[in-house]
Amino acid sequence: MEPQKVINLNIEEIAPKALWFNVVLVVGFALAYQLFREPLSFGFSLFGILYFFGGYALLIVLHELFHLIGFVAFGKVPVSSLQYGLNLKLGIAYATSDRPVKNRAMRAVLLLPFWMTAVLPTVIGFWVGDQVLVLLGAMLTAGAFGDFLMYRELRKEPNDAWILDDPKLPRLHVYTSYPPLNE
């Protein structure tokens, strides 16, 4: 059965936009932190740099893990259908299921990592006065750029459409009925 529609993200096309989105967010979040939390205070330390890079790596892993949690929690797929890894050629981490999910569930799968790895660290960072967490929240918000683009496209489709995530590329296959599985 052929998909009704294919939603495809062209990494080469969106990467420059995502980079600018990232820069704007980091500057904006840093300014917000300076205005609302600690006016005119900014410092660098070896610990701060290591904390930032370690936190960034951890949050990327958690971002993908939350996609997997979303597939199980919202899409009701079996854990055995989940796949996780890195596509070094495209420079992306991925988390997917080889089972289709309803459109409404897929939209939740796409946004769960944003709430847990971008919004939550930002709020905690402002609350406890941790500028690194605020900046990590900005970076992970930008890291969800592709998820936002796919979410926007899925909003145009019926809630009861079936969505099959491509296991190799940032691509979603939209079906009007439950698609056959390649097992």
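Basis of the calculations
Every chain begins its residue count from 1, and numbering advances along the sequence as written. Note on the predicted model: pLDDT of at least 70 is required for a residue's local features to be given, and 80 or more for side-chain atom pairs to be given and counted; whole-chain, interface and lining totals, by contrast, use all residues. Excluding hydrogens and water, the side-chain values take into account all heavy atoms of the structure. Numbered from the N terminus, helices here are DSSP runs of H or I no shorter than four residues, and strands are runs of E no shorter than two. For each residue, the accessible area found with a 1.4 Å probe, counting protein chains only, is set against the maximum for its type, and the residue is called buried under 20%, exposed over 50%, and partly exposed in between. Where accessible areas are quoted, they stem from the Shrake-Rupley method and a 1.4 Å probe; at the residue level, only the protein chains shown are allowed to cover. Counted charges follow a simple rule, with Lys and Arg positive, Asp and Glu negative, and His plus the chain ends left uncounted. The atom standing in for a charge is NZ when the residue is Lys, CZ when it is Arg, CG when it is Asp and CD when it is Glu. A pairing counts as a salt bridge when a side-chain nitrogen of Lys or Arg comes within 4 Å of a carboxyl oxygen of Asp or Glu. Helices are assigned an expected span. That span is 1.5 Å times one less than the residue count. Fitting axes to the seven residues that end at a residue and to the seven that start at it, the angle between those axes gives the bend at that residue. Working convention: axes come from line fits to C-alpha atoms, limited for helices to the stretch in contact. Angles between N-to-C directions cover 0 to 180 degrees. Orientation is classified from the angle alone, with under 35 degrees giving roughly parallel, over 145 giving roughly antiparallel, 65 to 115 giving roughly perpendicular, and any other angle giving oblique. By convention, the crossing between two helices is left-handed when the near helix turns anticlockwise from the far helix through less than a right angle, and right-handed when the turn is clockwise. Contacts are assigned to residue pairs that have any heavy atoms within 4.5 Å of one another. What is meant by a nonpolar core is a set of buried Ala, Val, Leu, Ile, Met, Phe, Trp, Tyr and Cys residues, joined one to another through side-chain atoms within 4.5 Å. By the criterion applied in these results, polar contacts are pairs of N or O atoms within 3.5 Å in which, for protein atoms, one can donate a hydrogen and the other can accept it, and in which residues neighboring in sequence qualify only through two side-chain atoms.

Enquirer: Would you mind going over the overall build of the protein chain with me for this structure?
Expert: When helices and strands are counted, the protein chain shows five helices and six strands. Counted from the first residue to the last, the protein chain has its helices and strands arranged as β-α-α-β-β-β-α-α-α-β-β. For the C-alpha atoms alone, the extent of the protein chain along its principal axes is close to 60 × 30 × 30 Å. Expressed as a percentage of its 183 residues, the buried residues of the protein chain come to 44%. For the protein chain, the exposed surface amounts to about 10500 Å²; the carbon and sulfur share of it is 68%. Averaging the positions of the 14 positive and the 14 negative side-chain charges in the protein chain gives two centres separated by 5 Å.

Enquirer: Any chance you could explain the pattern of salt bridges here in plain terms?
Expert: Oppositely charged side chains can form a pair if their charged atoms are brought close together. The full count for this structure, using the stated rule, is six salt bridges. Among the salt bridges present, the one from R99 reaches D98, with a minimum N-O distance of 3.7 Å. Residue K156 is joined to E153 by a salt bridge in which the shortest nitrogen-to-oxygen separation is 3.1 Å. Residue classification places K156 among the exposed positions, given a relative accessible area of 56%. Put simply, K5, R152, E153, K156 and E157 are held in one network by salt bridges that share partners.

Enquirer: What am I meant to see in unusual backbone geometry here?
Expert: Excluding glycine, a negative phi dihedral is what most residues carry, and trans is how most peptide bonds are arranged. In this structure, K76 takes a positive phi of about 60° despite not being glycine. By the element assignment, K76 lies in the loop between α2 (46-73) and β2 (82-87).

Enquirer: What exactly am I supposed to notice about helix α3 (residues 103-128) here?
Expert: Note on helix geometry: an α-helix contains 3.6 residues per turn, so any two residues three or four positions apart are oriented the same way. The terminal C-alpha atoms of α3 lie 37 Å apart, and with 26 residues this matches the ideal 38 Å at 1.5 Å per residue to within 8%. In the structure, α3 departs most strongly from a straight axis at W115, where the bend amounts to approximately 30°. A positive phi of about 75° marks G129, the residue just after α3.

Enquirer: Quick question: what am I supposed to make of the packing of helix α1 (residues 11-36) against α3 here?
Expert: Working note: a packed helix pair is described by the angle between its axes plus the distance between those axes. Where α1 contacts α3, the axes come no closer than 11 Å and their chain directions differ by 25°. In terms of orientation, α1 lies roughly parallel with respect to α3. Relative to α3, α1 is oriented so that their crossing is right-handed. Contacts between α1 and α3 involve F29, A32 and Y33 from the former and T122, G125 and F126 from the latter.

Enquirer: What's the story with helix α5 (residues 145-154) in this structure? I'm lost.
Expert: Among the ten residues that make up α5, seven are buried, leaving the element largely enclosed by the rest of the structure. By the burial criterion, the buried members of α5 are F145, G146, D147, L149, M150, E153 and L154.

Enquirer: I keep staring at the nonpolar core and nothing clicks. Help me out?
Expert: For soluble globular proteins, nonpolar side chains are generally found buried alongside one another. Within the largest apolar cluster, 20 residues are counted, with the highest numbers of intra-cluster contacts made by M106, L154 and L172. Every element with two or more residues in this core is listed here: α1, α3, α5 and β6 (171-175). Not counting residues up to four positions away in its chain, the partners in contact with L154 are I7, N103, M106, R107, L110, I163, L172 and V174. Counting residues in each nonpolar core, the second largest holds twelve residues, with F52, V132, L133 and A144 among its members.

Enquirer: Explain the environment of F53 to me, please; I cannot follow it from the model alone.
Expert: Here F53 is to be found in helix α2. The spatial distance from the C-alpha of F53 to the C-alpha of V132 is 9.8 Å, given a sequence separation of 79 residues.

Enquirer: Before we go on, may I ask you to explain the side chain of S97 in this structure?
Expert: Its location among the elements puts S97 in strand β3 (residues 92-97). Residue classification places S97 among the buried positions, given a relative accessible area of 1%. For S97, the side chain forms a polar contact with the side chain of S81, separated by 2.8 Å. From its side chain, S97 meets the backbone nitrogen of R99 in a polar contact 3.1 Å long. Dropping the residues within four chain positions of it, S97 is found in contact with F71, V77, S81, L82 and D165.

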